[in-house]
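# Chains, contacts and geometry: an overview
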Amino acid sequence: QVQLVESGGGLVQAGGSLTLSCAASGRTFSRYAMGWFRQAPGKEREFVSAITWSGTNIYYADSAKGRFTISRDNAKDTVYLQMNSLKFEDTAVYYCVAGRQTPDYYVYYRQEGPWEHWGQGTQVTVTS
């Protein structure tokens, strides 16, 4: 019913930048949180960032803090992830997620919980 489509992935040199986009379509609802997870080769899927509907509550993994910026445009049902100073270890498939908001912010860091909708993922490859 709700579809998430990521775009903006690709190949980039270390130190460069990429901006990922995720557009939601279908049976969307007015208030929902959105975010990003990633999975690198040989590693477990991990949380990257999340943002609430208002855009005032934002959460980052330690690995993303200071380098990545999440934002959203509710009029377009789109969330963005601007990634700067990319490192080789940022290489991963990046997944867009969406789900119901919760006051228990810690659940945003988990794969399950509010994340009912997942995109297919977009590949980000950082060369060293």
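Definitions and limits used
- Residues numbered from 1 in each chain as written.
- Predicted model: local features only at pLDDT ≥ 70, side-chain atom pairs only at ≥ 80, totals over all residues.
- Heavy atoms only, no water.
- Pairing = 2+ DSSP bridges.
- Helix = DSSP H or I, 4+ residues; strand = E, 2+ residues; numbered from the N terminus.
- Phe/Tyr/Trp six-rings, centres within 6.5 Å; stacked < 30°, edge-to-face > 60°.
- Buried < 20%, exposed > 50% of the residue type's maximum accessible area, 1.4 Å probe, protein only.
- Contact = heavy atoms within 4.5 Å.
- Disulfide = S-S within 2.5 Å.

## Looking at the pairing of strand 3 (residues 18-26)
Summarising the sheet, strand 1 (residues 2-7) and strand 3 pair through six bridges and their orientation is antiparallel. From the neighbouring strand, Gln3 faces strand 3, where its bridge partner is Ser25. Note: strand 3 against strand 8 (residues 78-83), six bridges, orientation antiparallel. If you follow Ser21 over to strand 8, its bridge partner there is Tyr80.

## What about unusual backbone geometry?
In the Ramachandran plot, Asp77 falls in the positive-phi region, its phi being about 50° despite a non-glycine side chain. Among the structural elements, Asp77 can be located in the loop between strand 7 (68-73) and strand 8. Positive phi is not limited to glycine here, since Ser85 has a value of about 50°. Assignment of secondary structure puts Ser85 in the loop between strand 8 and strand 9 (92-99).

## Looking at the packing of aromatic side chains
The full count for this structure, using the stated rule, is ten aromatic pairs. Ring geometry for Tyr59 versus Tyr109: centroids 6.3 Å apart, planes at 65°, classification edge-to-face. Here Tyr59 is found in strand 6 (residues 58-60), whereas its partner Tyr109 is found in the loop between strand 9 and strand 10 (115-118), with 50 residues between them in sequence. The class for Tyr59 is buried, based on a relative accessible area of 16%. Residues Tyr95 and Trp118 carry aromatic rings whose centres are separated by 6.2 Å and whose planes lie at 65° to one another, so their mutual orientation is edge-to-face. Of this pair, Tyr95 sits in strand 9 while Trp118 is found in strand 10, placing the two residues 23 residues apart along the sequence. Residue classification places Tyr95 among the buried positions, given a relative accessible area of 14%. On the basis of relative accessibility, which here comes to 26%, the residue Trp118 falls in the partly exposed class.

## Quick notes on the environment of Arg45
Tracing the backbone shows Arg45 in the loop between strand 4 (33-39) and strand 5 (46-51). As for Arg45 and Gln111, which are separated by 66 residues in sequence, their C-alpha atoms are 8.0 Å apart. Residues in contact with Arg45, not counting those within four places in the same chain, are Phe37, Arg38, Gln39, Tyr95, Gln111 and Trp118.

## A short note on the state of the cysteines
Each disulfide is one covalent bond, formed between the sulfur atoms of two cysteines. Considering all chains together, one arrives at one disulfide under this definition. Between the sulfur atoms of Cys22 and its disulfide partner Cys96 the distance amounts to 2.0 Å. One disulfide, between Cys22 and Cys96, carries an S-S torsion of -85° and so falls in the left-handed class. Here Cys22, found in strand 3, pairs with Cys96, found in strand 9; they are 74 residues apart in sequence, far enough to count as distant. Comparing Cys22 with Cys96, the two get one shared label, buried.

So yeah, pure geometry; function would need other evidence.
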